[in-house]
Structure formats: structure tokens, C-alpha cells
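# What the coordinates show
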Amino acid sequence: DAMVIQNPRYQVTQFGKPVTLSCSQTLNHNVMYWYQQKSSQAPKLLFHYYDKDFNNEADTPDNFQSRRPNTSFCFLDIRSPGLGDAAMYLCATSREGAATDTQYFGPGTRLTVL
Amino acid sequence: AQSVTQPDIHITVSEGASLELRCNYSYGATPYLFWYVQSPGQGLQLLLKYFSGDTLVQGIKGFEAEFKRSQSSFNLRKPSVHWSDAAEYFCASPLNRDDKIIFGKGTRLHILP
């Protein structure tokens, strides 16, 4: 029944060691989003894909990259994680844009940077 | 600047009591508005949304929200809360009719037994 799946749920990495977070969806939605959520804060959009079109937020650090090899999968790559990148990373999907469509969120991946 | 504001960072209510969480928006036209709930360690789940029409919107889990243009508000209500309602609640809006939405800072709801 899971519609937006994130793996792993918990990820521990070392300072500067590249890490990849995975998101998959069974909804066949056009749009996939990656959010960063730090403790007691609102989710912050990093980027999103509309189909294959990549949309990066202006304030997303270059350290964060994303790939969407097909409709179902989307990856978040953190090239050199810093201590400040420790957060919950949420993947979401919507059929069309979030302006009018419901976003469906995955359970998140909690990233710890040692 | 266009924004979504949740004035209350924390709200505590007793189980069985009524609840109202506040949300204010700053936008010239009628915005699309959403309420999401996030249980601890989980992703967000949509409770309800307002696009147009009836200003009183019914959602899941017994929640409702009322859009009031005169007050630029979209407050979330529930007549009787349950312990399982303890969570973080986010008001959100695309504001710019863009592909993305802006979240308020959230209100954490605590339930007293």
C-alpha cells in the first residue's frame, strides 16, 4: 500500500562522505520533490522534478544534487555532507504541480552526520 | 511579501476539548490553502485543502477549516481532540500558483490526558 517509499529510513554518514537517499513512488505522479526539514522547522524545498525537468531552488547549496532516472525513482545526492546537513529529508510527489494538487509525502530519511 | 503565518508555536489542550489552530496568509488574490499534519518521525499527510467555493472545508480525522477572506485566515478546528492528534500541524499555500508550496513554521499540538 505504500505510495511514496524512502530508503533508508535512517542514514548515518561521516563528515564529507558522499551519501545518496532514495525515493520511489507507485502513484505514477509527474512531480517529485525533495525537502529538507530540520528539527522543529517547516520543510524547506530543495528542488523538484516535473517529469524530467529539474527545478532547483535558488538557495539550495551546490552540495545537493538530484537524479530522476525514471518516473518512479528520484535520488538525493549530498556530495560532501557537513554537520549542518543533518536533518530529515522528505520526498513528496504530486500528479501535477503542488499549487493545485495534493502532495503525498514519504516517511522521510533521517540523516545523521558524524 | 507573500507569506503563511502560524502565530502559535505550541498549543496544549486537554483530551476531549475543542481545538483551533491559527493560520494567516498574506496574498492579494484568493490563495489556495492546505493543512498538513506530521506525526513524530513521519512524513506529512494532507488534512484538507481550500481552492474555492464553500469556505468551510471538511477534512480527514474530523478536522475542518474555515477560509475567512476578511481576516486573511484559514484556521483549523476540531470539536473534540484525541490523544492521537498530538502532532505538528502545518498550514501551507502555493501563493504564486507555482509548482511549489510554502509552509508556515508549524504548530505543535500537545494533548493532556
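A short tour of the structure in this document, coming up.

What counts, and where the lines are drawn
Residues numbered from 1 in each chain as written. Chains lettered and ligands numbered in written order. Predicted model: local features only at pLDDT ≥ 70, side-chain atom pairs only at ≥ 80, totals over all residues. Heavy atoms only, no water. Core = buried A, V, L, I, M, F, W, Y, C linked by side-chain atoms within 4.5 Å. Buried < 20%, exposed > 50% of the residue type's maximum accessible area, 1.4 Å probe, protein only. Helix = DSSP H or I, 4+ residues; strand = E, 2+ residues; numbered from the N terminus. Phe/Tyr/Trp six-rings, centres within 6.5 Å; stacked < 30°, edge-to-face > 60°.

## Quick word on the nonpolar core
The biggest cluster of nonpolar side chains holds 26 residues, and the ones touching the most others in it are B:Leu19, B:Trp35, B:Leu47, B:Leu48, B:Phe74, B:Leu76 and B:Tyr89. At the level of elements, strand E2 (10-14), strand E3 (19-21), strand E5 (33-38), strand E6 (44-50), strand E8 (64-68), strand E9 (73-78), strand E10 (87-93) and strand E12 (107-112) of chain B are the ones that each hand at least two residues to this core. Core analysis: the second largest hydrophobic core is formed by 19 residues, A:Val31, A:Tyr33, A:Ala98 and B:Ile101 among them.

## With respect to the packing of aromatic side chains
Within a pair of aromatic rings, the relevant descriptors are the distance that separates the centres and the angle that separates the planes. Here the structure, examined in full by the defined rule, presents 18 aromatic pairs over all chains. Relative to A:Tyr89, the ring of A:Phe64 lies with its centre 6.1 Å away and its plane at 35 degrees, an arrangement referred to as tilted. One end of the pair, A:Phe64, is in strand E7 (residues 64-67); the other, A:Tyr89, is in strand E9 (residues 87-94), with 25 residues separating them in the sequence. For the residue pair A:Phe64 and A:Tyr89, the accessibility class agrees, reading buried in each case. With 5.8 Å between their ring centres and 20 degrees between their planes, B:Tyr25 and B:Phe67 make a pair best called stacked. Within this pair, whereas B:Tyr25 is found in strand E4 (residues 24-26), its partner B:Phe67 is found in strand E8, the two being separated by 42 residues in sequence. With respect to burial, B:Tyr25 and B:Phe67 carry one shared label: buried.

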